[in-house]
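Read off the chains here:
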Amino acid sequence: MNKTLLAAVPLLAIILLAACNQPAQETSEQEQSEEMTSTVMTATDQGAMTPQAVLDDLMAGNQRYMQNDLTARDLPAQVAATTDGQYPKAIILSCVDSRVPVEMVFDQGVGDVFVARVAGNIEDEDLLGSIEYAVGVAGSKLVMVLGHESCGAVKSAVDQLDVGSENVDHLLAQIEPAIEKTEGERDAANKEYLTGVIKNNVELTIEDIRSRSAIVRQLEEEGKIMLAGGYYNLHDGSVTLLD
Ligand SMILES: [Zn+2]
């Protein structure tokens, strides 16, 4: 054996050892994919959940989100499993804010929840129609309106932002009742005041959904659905339920 070959022996050993480790790594990846959730909501699952159970499920998901412990999901499997139908447990009406990733906030997967989004989480005819479809046709048990800390839409409404757009004016006008309901000087720089408007806006949206939708009212009276308001904290990702 010459010197060059001798020098190469330890290197060869390392390469061989690394090659031997390969199958072990593959096995652990397989094990990981087996631990992933591939099941989705079925009609039976949806039928078995009470509105309160749905709310509890979302709040438990929010705890996992805060603890960086989101459920591992086999997304292609969930996509395949939901191709022919969906049985979402809830509809969540949220602001469009990019810092409120709704499905992640509640640790929900494919087919789990309807998400309706509009700046300032207000209701209009189209959103009411979407909510009525969710609870009246698709069997969802919970309507959640989710506001959030430092909402730009609410802030703009308080500031009476004018960008020369009828569309923006129309949107911001719908937040005006929450401003009227909030005690104190109209001042978006006042965090406490702004938070008050944001929470009142959630509560008024819920009241408006209830008063404008006979379908929602009836299902709620029958105890088949529940309406809930939530406030998302940008600092820690927590959702607090509002009364
Ligand atoms: Zn917002």
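Residues numbered from 1 in each chain as written. Predicted model: local features only at pLDDT ≥ 70, side-chain atom pairs only at ≥ 80, totals over all residues. Heavy atoms only, no water.

## Here we look at the nonpolar core
Counting residues in hydrophobic clusters, the biggest one holds 40 residues, and the most contacted among them are Leu93, Val154, Val158 and Ile209. For this core, the element with the most residues is helix 10 (residues 191-212), which contributes 8 residues. If you look at the next biggest cluster of nonpolar residues, it comprises 20 residues, including Met41, Val100, Val113 and Val239. (Core = buried A, V, L, I, M, F, W, Y, C linked by side-chain atoms within 4.5 Å. Buried < 20%, exposed > 50% of the residue type's maximum accessible area, 1.4 Å probe, protein only. Helix = DSSP H or I, 4+ residues; strand = E, 2+ residues; numbered from the N terminus.)

## Notes on the coordination of the zinc ion
Around a metal, the perfect tetrahedron of four donors has angles of 109.5 degrees, and the perfect octahedron of six donors has angles of 90 or 180 degrees. Note on the zinc ion: its protein donors are Cys95 (SG), His148 (NE2) and Cys151 (SG). The metal-donor distances range over 2.0 to 2.3 Å. For the zinc ion, the single-chain donor residues occur in sequence as C-x52-H-x2-C. Judged by its relative accessible area of 1%, Cys151 is buried. (Donors = N, O, S within 2.8 Å, 3.2 Å for Na, K, Ca; no water.)

## Focus: helix 6 (residues 125-137)
Between its first and last C-alpha atoms helix 6 spans 17 Å; for 13 residues at 1.5 Å apiece the expected length is 18 Å, and the two agree. Three or more residues of helix 6 are buried, namely Leu127, Leu128, Ile131, Ala134 and Val135. In an axial view of helix 6, the angular spread of the buried residues amounts to 125°, which keeps them on one side of the axis. Turned more than 90 degrees from where helix 6 packs its buried face, Glu125, Asp126 and Val137 sit exposed. Along its buried surface, helix 6 packs onto strand 1 (90-94), strand 2 (113-117), strand 3 (142-148), helix 10 and helix 11 (214-221). In this structure Asp124 caps helix 6, since a side-chain oxygen of it lies 3.1 Å from the backbone nitrogen of Asp126. Positive backbone phi, at 80°, marks Gly139, one or two positions downstream of helix 6. (Expected span 1.5 Å × (residues − 1). Arc of directions from axis to C-beta. Contact = heavy atoms within 4.5 Å. Polar contact = N/O pair within 3.5 Å; in protein donor to acceptor, adjacent residues only side chain to side chain.)

## What about the sheet that holds strand 5 (residues 239-242)?
Spatially, the 5 strands line up as an open sheet ordered 2-1-3-4-5, and their pairing is mixed. Unpaired on one side and paired on the other, strand 2 and strand 5 mark the two borders of the sheet. For this sheet, the mean angle separating the axes of adjacent strands, direction not counted, is 25°. Here 5 bridges tie strand 1 to strand 2, and the two strands are oriented parallel to one another. Within strand 2, the position partnered with Leu93 by the bridge is Ala116. (Pairing = 2+ DSSP bridges. Axes fitted to C-alpha atoms, helices over the stretch in contact; angles between N-to-C directions.)

## A short note on the environment of Val239
Tracing the backbone shows Val239 in strand 5. Taking the C-alpha atoms as reference, Val239 lies 9.3 Å from Gly147; in sequence the two are 92 residues apart. Those residues in contact with Val239 that sit more than four places away from it in its chain are Met59, Asn62, Val105, Phe106, Leu146, Gly230, Tyr231 and Tyr232.

## Thoughts on the layout of surface pockets
Approximately 150 Å³ is the volume attributed to the largest pocket. Lining of the largest pocket is provided by 14 residues; of these, Thr37, Thr39, Arg73, Lys89 and Asp112 occupy positions nearest its centre. Along the lines of polarity and charge, the residues of the lining of the largest pocket split into 2 nonpolar, 5 polar and 7 charged. (1 Å grid on protein atoms, 1.4 Å probe; cavity = no way out; pocket = protein on both sides within 12 Å on 5 of 7 lines; lining within 4 Å. Points joined across faces, edges and corners; volume = space filled by probe spheres on them. Nonpolar A, V, L, I, M, F, W, Y, C, P; charged D, E, K, R; others polar.)

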